[in-house]
Amino acid sequence: MDLKVICMLSVILIIALSTLAEGKTLPTRCQCKLDPRERKNCGFPGISPLECRKAGCCFNTSVPGVPWCFAPKAKKVEKVCPNDPHARINCGFPGITAKQCERKGCCFRAHPADVPWCFYHRVVEEAC
């Protein structure tokens, strides 16, 4: 491979890894829907919207006298059993009973044939 290509790929990899190392993800709209009185400051005076979001925080200037850069609410998630039989990921073994499956914390549906009857939940974010 050409030296220039290797150098370019190395730079891209370093940038990507440094972004992952920060561990900051952008909050969802639901996480930023917060009563202004409940906002906890997440920035410093004069922080820009971009700097605030890069820190994994919410930014909203619509209410004076409260933090504009604030910590997001925790994501609300729930476990659901997938309805699509082909989306099931096996959690058991052939012949497992419903009781054994449920003790493992998995879903159990004894139909249709040729798909796992004991399968893992999916974790989905609850609606706002």
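Residues numbered from 1 in each chain as written. Predicted model: local features only at pLDDT ≥ 70, side-chain atom pairs only at ≥ 80, totals over all residues. Heavy atoms only, no water.

**Overview of the overall build of the protein chain**
Consideration 1: Tallying secondary structure elements over the protein chain gives four helices and six strands in all.
Consideration 2: Walking the protein chain from its N terminus toward its C terminus, one meets helices and strands in the order α-α-α-β-β-β-α-β-β-β.
Consideration 3: Taking all 128 residues of the protein chain together, 17% fall into the buried category.
Consideration 4: When contacts within the protein chain are restricted to residue pairs at least 6 apart in sequence, long-range pairs at least 24 apart make up 60% of them.
Consideration 5: Within the structure as shown, the protein chain displays about 9,600 Å² of accessible surface, and the carbon and sulfur contribution to it stands at 61%. (Helix = DSSP H or I, 4+ residues; strand = E, 2+ residues; numbered from the N terminus. Buried < 20%, exposed > 50% of the residue type's maximum accessible area, 1.4 Å probe, protein only. Contact = heavy atoms within 4.5 Å. Areas by Shrake-Rupley, 256 points an atom, 1.4 Å probe, with all protein chains shown as cover.)

**What to know about the pattern of salt bridges**
Consideration 1: Here the structure, examined in full by the defined rule, presents one salt bridge.
Consideration 2: For D35, the salt bridge identified is with R37, shortest N-O distance 2.8 Å. (Salt bridge = Lys/Arg side-chain N within 4 Å of Asp/Glu carboxyl O.)

**A look at unusual backbone geometry**
Consideration 1: Geometrically, the link from H111 to P112 is a cis peptide bond, its omega value of -15 degrees lying close to zero.
Consideration 2: For P112, the location among the structural elements is in the loop between β4 (107-108) and β5 (118-119).
Consideration 3: With phi around 65 degrees, D114 is a residue other than glycine that occupies positive phi space.
Consideration 4: Following the sequence through the fold, D114 ends up in the loop between β4 and β5.
Consideration 5: Classification of D114 by relative accessible area gives exposed; the value is 82%.

**Observations concerning the side chain of R39**
Consideration 1: Looking at the secondary structure, you find R39 in the loop between α2 (29-32) and α3 (49-54).
Consideration 2: One buried charged side chain, R39, makes no salt bridge at all; its nearest oppositely charged neighbour is D35, positioned 7.5 Å away.
Consideration 3: Here the side chain of R39 touches P67 through a polar contact of 3.0 Å, landing on its backbone oxygen.
Consideration 4: In this structure R39 touches L34, N60, V63, V66, P67, W68 and F70, once residues within four positions along its chain are discounted. (Lys, Arg positive; Asp, Glu negative; His and termini not counted. Polar contact = N/O pair within 3.5 Å; in protein donor to acceptor, adjacent residues only side chain to side chain.)

**Focus: the confidence of the model for the protein chain**
Consideration 1: Overall, the prediction assigns the protein chain a mean pLDDT of 85, with 82% of residues at 70 or greater.
Consideration 2: Below pLDDT 50 for its whole length, residues 15-21 participates in zero contacts with residues either more than four positions away or in separate chains. (pLDDT = per-residue confidence, 0-100.)

**A short note on the environment of R109**
Consideration 1: Positionally, R109 belongs in the loop between β4 and β5.
Consideration 2: For the pair R109 and F119, spaced ten residues apart in sequence, the C-alpha to C-alpha distance is 8.5 Å.
Consideration 3: Ignoring anything within four residues of it in the chain, the contact list for R109 reads C81, P82, N83, R88, W117 and F119.
Consideration 4: A distance of 3.0 Å separates the side chain of R109 from the backbone oxygen of P82, its partner in a polar contact.

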